[in-house]
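# Descriptive analysis of the structure
Take a look at the letters that make up each chain.
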4 protein chains.
Amino acid sequence: MSWHDESLMARKGVAGGKPGARHAITIEDQGTFHYVYGPYVEPVLKVAPGAVVSVQTHDAFEGRIKSESDSPAALLNFPYLNPQTGPIFVEGAEKGDCLAVRILSIRPRGEQPIGTTCLMEEFGGLVGTGHTAMLNKPLPEKVKKVRLDENGVYWSDKVTLPYEPFIGTIGTSPEIEAISALQPDYYGGNMDLPDVGPGAIIYLPVNAAGALLYLGDCHAIQGDGELCGVAMEMPATVEIQIDLIKGHTIAWPRLETEEVIMTIGSARPLEDAARIAYRELTRWIDQESGMGEDEAYMLLTMAGKARLGNMVDPKYTVGTSIKKAYVKT
Amino acid sequence: MSWHDESLMARKGVAGGKPGARHAITIEDQGTFHYVYGPYVEPVLKVAPGAVVSVQTHDAFEGRIKSESDSPAALLNFPYLNPQTGPIFVEGAEKGDCLAVRILSIRPRGEQPIGTTCLMEEFGGLVGTGHTAMLNKPLPEKVKKVRLDENGVYWSDKVTLPYEPFIGTIGTSPEIEAISALQPDYYGGNMDLPDVGPGAIIYLPVNAAGALLYLGDCHAIQGDGELCGVAMEMPATVEIQIDLIKGHTIAWPRLETEEVIMTIGSARPLEDAARIAYRELTRWIDQESGMGEDEAYMLLTMAGKARLGNMVDPKYTVGTSIKKAYVKT
Amino acid sequence: MSWHDESLMARKGVAGGKPGARHAITIEDQGTFHYVYGPYVEPVLKVAPGAVVSVQTHDAFEGRIKSESDSPAALLNFPYLNPQTGPIFVEGAEKGDCLAVRILSIRPRGEQPIGTTCLMEEFGGLVGTGHTAMLNKPLPEKVKKVRLDENGVYWSDKVTLPYEPFIGTIGTSPEIEAISALQPDYYGGNMDLPDVGPGAIIYLPVNAAGALLYLGDCHAIQGDGELCGVAMEMPATVEIQIDLIKGHTIAWPRLETEEVIMTIGSARPLEDAARIAYRELTRWIDQESGMGEDEAYMLLTMAGKARLGNMVDPKYTVGTSIKKAYVKT
Amino acid sequence: MSWHDESLMARKGVAGGKPGARHAITIEDQGTFHYVYGPYVEPVLKVAPGAVVSVQTHDAFEGRIKSESDSPAALLNFPYLNPQTGPIFVEGAEKGDCLAVRILSIRPRGEQPIGTTCLMEEFGGLVGTGHTAMLNKPLPEKVKKVRLDENGVYWSDKVTLPYEPFIGTIGTSPEIEAISALQPDYYGGNMDLPDVGPGAIIYLPVNAAGALLYLGDCHAIQGDGELCGVAMEMPATVEIQIDLIKGHTIAWPRLETEEVIMTIGSARPLEDAARIAYRELTRWIDQESGMGEDEAYMLLTMAGKARLGNMVDPKYTVGTSIKKAYVKT
C-alpha cells in the first residue's frame, strides 16, 4: 500500500484519491497562454474529480530566449511573462472547497539545449529591483542555455547538477481578482517552491466555481530562493491527478509527501511568508491532533523545517513542514 | 494667475489644464460598484480630456455599518469591500500616457452620523493580521459613528478634529490584471494618502485603453499610516477635472500642489515604499533640472519630505516630496 | 508663561524644569571622543538636575573630510565614526528613571565651509549596503562642502535652504551593552530625527547609574529619511538643560514641544519602527487621558503624525506624534 | 584521511588544523557569566592555536527555570540572559584574522529533566514582541521540562525527537562594541543555527586582540526558525578545537562540513539576512574558483541551499550553502 492511500487526498477526495478519466492539454490545445490567474477566461478543459491530465507547459519566457547572445530586455514584454496553461475547470468545485493535485511526473520537452537561465536587469535577489529601488547601475544581462534531460542538468564541463524538477507556478483562480502569473499568493501562483515536484500532493483553496487550475513555469532544478530570479527554466510535460475535497476550506496552499505535511506562505518581508506558513501549520497540527495551538507551536520550535521558495518574486515564498511521525496523537 | 496654470497638467495636457464638458456619476448611475481595479468591465462614463466630473462615492463599507452595535465581521464579505465608482473611460488615453486628475472638491454626503470608523479583527497596524500572522487573540471589534461636515469632525464632546478630506482610493486599470480595491500599487489604488485632497493634481500611469479611472473610499480625516486600518470613512461627492498627457510615461503615481512635487510608492516592507517614491523623485528632479541623479539624491537628503499614507493595506504607501522652489535650475 | 512650565519636565523633574548651575564641555575638555554608547568609560562631567550645559560637538566625520576632493573611504576608519561628546553623569539618576533634556540652542562652529555632506560607498537609502547586500557596483563617492550659518544653508548659487538644526545623535548609556554611535535604539543614539531641535524636550530612559548622556552629530538641515546617509553635517555648540524624573520608566525615547507629544521607535523593517512608536504613543495617550488603549488607537488613526528620521542607519527611526489639544480628557 | 585534512582550517591554520594542548573551562572556572559580546572583560583562559578546550556552558536561563510551574517573567531579569562562557583569548589573533573553531562534541550536562523550553510573553516568531509591537494580549506563559540524553529528546509519551545538538550562541568580540548575547551579528553571537554542531568547523572574524571567543546556549534540538523563541535548552559540555588563520579577513561567519561550505548572515528583515549570506557565498565561490561573481550567482540560483537559523532574536539568521562538489573549478 502506498502512502497515497492514507493521504488527505485519498481520505477525503470526492474520487477517493483514485485515478479517473485521462485527458491531455497540448500546446496546440492551449492556443493562447494566460499571464494572470483569474476568472475572466474560458477553461481549456473541463474534468471530473479523479481526472489524470497530461499538461504541456512552456518555459517562463515562452521560448523567446533562444541563444546565449539574446537580450532578455529586448525580447520580453511585461506583463506578458510566465505563460500559464489552463485553466482547467473541475466539476463540482465551489468556493470553500479544496483542490488536491497529485504530481505524477514532470518531463522536459523540446530540443536541446532545453534549459534556459539568465541575469535580467532589475530582477533578482542580490540586485536592486523595481521594488527594492536602488540608484546603482544594473548588472549586465547574461543568458545561459543548458542541456538537460531526466538524468541530469549539464551545467558545465565539470559539473552536472541533478534533475530535480518541479512546477514553479501552479494555482487556482481568485474569486474576482486576476493577478499576474509572476506573483505567488493565497491561491498558489508563482511560488517557485522545489517541493512541488513528482510524488507530492498540493492542496489549493478553491475561490471560484470550477477551481480554474492554472500551471506552468517548470524548473529542472532550483536552489533555495531562486536567487538570480531565473531557475533552470524548461518547457515540460506534466502529469497530474486531480481530486476535490468538498467543504474543506484552507486559507493558503498545503502540501503532503510520504514523510511530511507542509504549509506555504507568500508575502513580503520574508518573515511574514514564514509567519503565514508556520501559523497555518500550527493550526493544521492542532486540528489533526487536538494537541492545542500552544503545544503545536512548541513542537514546531523543535522540529519544524522551513524551505525558502523564491526571494525574488513580488511576494516571497516559504514552505514550512513537519514529519508526520511527530504529529501522532 | 493660479499655480495650476503652470502645472504639468496645464503645460502638457491635451486640454491644456482647462475645464471642458461637465458630467456626473451618481450612485444610481453607477448601479453596481467594483471591487477590483481591472479592464474586465464596461465603463460607466466616457469623457474627453478636460472633462469635469462630479462623482458620488460610497464609504468603504458600502454603508453596511449603520450603528455602533454592528459587527464588521458579520456584515462585511471579503472580497466585496471598498466599493469603487467607475471606471471612467478617457478618450484618446493609451498605454504609456499619463492621466492628470485635479481634485476640485470633496463633500460629505448622506445622513448624520456620516462618518464611520472601527476596529476590525486581524486588520490594522498594531495587531496581528493575515499577513503578519500571529497566534495572539484579536482585539475586540469596536464601531464608532461620528457626525461630520465641512466644518469639522465631531470626534467627542471635547474634541473636534478638522475636516481634511481626501480620496483614499483612486487609480487607473492595470493592463491585464484585476487587483483588489484594498491594495495600492503602481497604478494608484488604495493608497490612503492624505495629500490626495482638494487642490492637488494626481498623475497616474495609463496602462489600458481609455485609462479606466476608478475612485472611492473618501476620508474626512486620517492620520499618517491609517493606524487601525479604518479612517473616518464617508460617502462623498467628489468633483474632479481630468486631463491627458500623451506619451508621458510614469512608473508610479505622482502628485503636484502649489508648493511641492510628490511621488508615491507602495510596497512592503515600508522602506521599499519609501525607496520607490524617493527613486522616482530623484529621477523626476533630474529630468526637470538636469542636475544629475547624484545631485538630486543629495538634495533630497537635505530637503525631501516623506508622508506615510497607509501601513495597513496589502502594500504600504509613502509619498515623498520636495518644494518646487528647491528644484529651480 | 511658557509651555515649558507645563511640560512633563517641569511638572515632574527633580529641578522642576528650572535652570540650575551652568557648565561647559569644550572639544578640549572632551579630549577623546567616544564611538559607542556604553557604561565602560569615565564621565567627562558630573552635574545635578537642572544643569545647563554648553556642549561642543564635532561633525560625524570628526573633521576628516576637508575638501570636495577628499575620499571618504580613504579617510574614514570604521568603527571610529560619529564621535560623541560625553558622557555626562547626572547625579541621582538610576535605572528606571527618565532623563529630560531641553534643547536650548544649536549653533554652527568652526571655519567656512562649515557643512559637509557626501555619497559614501555601500551606505545610503537608495543603494545596496552591507545589510541590504547587492552585487551591483557602488555609486561613485562625492563630497560637497557647503557654507552655512544661522541664517541659511547656502546649497548652490540658486538655492538657499533654511537653517533647521537638530542633534542627530543623543542618548543615554545602555546598562551593560556598548553600542555603536551609528545605531539608534531604545536609549536614543543615532536617531537622526529632525524634531530633536531647539525648543524641544527629549525624554530618555535611564539604564545605568548617572544616566551617562552622550551627544553629537549635529545637522544644519536634513530631509526625512536622511536619504543618502549623510545630512548637512556640522561641528556645533549645543546648549541643553538637563532634568531628572525619578521613577518615571519609559521604554523608548519621547519628545515634547509646545504643540505635540511624540514617541520615537527605531527598528528594521521600517514598519516595526513605526509600530514601536505608535504603540508607545497609544499607551502614553491612554495613561495621560484614561481613554483606553482602543480609543487612543482610533484617535491616532485620525490624527497621528509620523516623521521619518533615518532610513539608512543600522536601525531606522520613526517619530509619531499627536497634538496635545486632541488628548484632552 | 578525513575531510578535515583538506578543510580551510587545516590548509591555512597556524596549527595546521592539528590538535594541540588540552584545556578545560568548568562552570566553577568561569565564575561569573557574561551577557554581552565585548572586549571589556578579562579572558577566562588563554590558549595557543591548536588548543582543544572542553567548555561547560549553562542553559539560556542560567538554570533558573526549574519546574513547569515556574514563571519565566518572574524569574528572568533582562539584560542578564543567555549566559556565555569565556572569553577565550587566542594568542596571536589580531583584527583582520579569522578564527577557526571545530566542534568536536556537545554533551548534555546535569540532572534530568535536562531540557527546558517555554513560551515567554512578547517573545517568539508568531506573537507580537517589543520590536513587532502589537496591542494584542500576549499568549500565556508555558514551561515544558523535557528529559533528554545523547540518544533522544523524550518529548512526550508518544514522540521521541532525535538528539541533534548544536551551539546556539558562539562568536568573537567586536572591536569596541559590547553587544547583548541575545543578538547575532557579523561576529557570530546568538545565531541559533542548527548547522553549528559536532563535525562542523565555524570560521569567525577576529575584531579584537586575542579574538575573545565566547560560547553558550546549547540546544539538544531545534527546528528552523526557533519558532517560539526557546529551543530545547540545555546545560552542556562542548569540546572544541581552535585554530587561527592569519590575515584571512571575512566579513561574516562561515562554516564548513564534509559536504558543503556555508556563509551566515544576520539582519532584519529576513531577506536581508539571506542577502548577506548569499552575497558572501557568491564572493567565496568566486574567490575559490575564479568563475566570476555572475557565474557564482547563477550557480547558487540552481544549487544554493538556505537554512533558517532564528526568526525570533533581535536579528534573524540565515545560513546559505552549496555542495563543495559543485564549486570545482
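Residues numbered from 1 in each chain as written. Chains lettered and ligands numbered in written order. Predicted model: local features only at pLDDT ≥ 70, side-chain atom pairs only at ≥ 80, totals over all residues. Heavy atoms only, no water.

Overlaying chain B on chain A yields an RMSD of 0.0 Å, the required transformation being a rotation through 180° with an accompanying axial translation of 0.0 Å. Here the copies are linked by what is in effect a two-fold axis. The position closest to the rotation axis in chain B is occupied by the C-alpha of Ala-178 of chain B, lying 2.3 Å away. Mapped onto chain A, 100% of the interface residues of chain B are again interface residues, and the two copies thus contact each other with one and the same surface. (Least-squares fit on C-alpha atoms with pLDDT ≥ 70 in both. Contact = heavy atoms within 4.5 Å.)

Overlaying chain D on chain A yields an RMSD of 0.0 Å, the required transformation being a rotation through 180° with an accompanying axial translation of 0.0 Å. Counting the interface residues of chain D, we find that 100% of their copies in chain A are interface residues as well, pointing to one common contact surface.

Let's shift gears to the interface of chain D and chain A. By a widely used convention, the size of an interface equals the accessible area lost when the partners come together. Residue-level contacts link 57 residues of chain D with 57 residues of chain A. Around 4800 Å² of area is buried between chain D and chain A when both sides are counted, 65% of it from carbon and sulfur atoms. When the buried area of chain D at its contact with chain A is split by residue, Tyr-297, Met-298 and Met-302 of chain D rank highest and sum to 17% of it. Taken together, the connections running from chain D to chain A amount to six salt bridges. Here Lys-142 of chain D makes a salt bridge to Glu-295 of chain A, at a shortest N to O gap of 3.0 Å. At the boundary of chain D and chain A, one finds 26 residue pairs in polar contact (both at pLDDT 80 or more). (Buried area = accessible area lost by both parts, 1.4 Å probe. Salt bridge = Lys/Arg side-chain N within 4 Å of Asp/Glu carboxyl O. Polar contact = N/O pair within 3.5 Å; in protein donor to acceptor, adjacent residues only side chain to side chain.)

Moving on: the side chain of Asn-310 of chain B. Residues and elements named next belong to chain B. Within the secondary structure, Asn-310 sits in the loop between strand 20 (305-308) and strand 21 (316-323). In this structure Asn-310 comes out as buried when scored by relative accessible area, which is 0%. A polar atom in the side chain of Asn-310 sits 3.2 Å from the backbone oxygen of Lys-315. (Helix = DSSP H or I, 4+ residues; strand = E, 2+ residues; numbered from the N terminus. Buried < 20%, exposed > 50% of the residue type's maximum accessible area, 1.4 Å probe, protein only.)

A few words on the sheet that holds strand 1 (residues 22-25) of chain C. All names here are of chain C. Read across the open sheet, the nine strands follow the order 1-4-16-6-14-17-18-20-19; overall the sheet is mixed. The open sheet has two edge strands, strand 1 and strand 19 (305-308), and neither has a second partner. Neighbour to neighbour, the strand axes of the sheet diverge by 25° on average, direction disregarded. (Pairing = 2+ DSSP bridges. Axes fitted to C-alpha atoms, helices over the stretch in contact; angles between N-to-C directions.)

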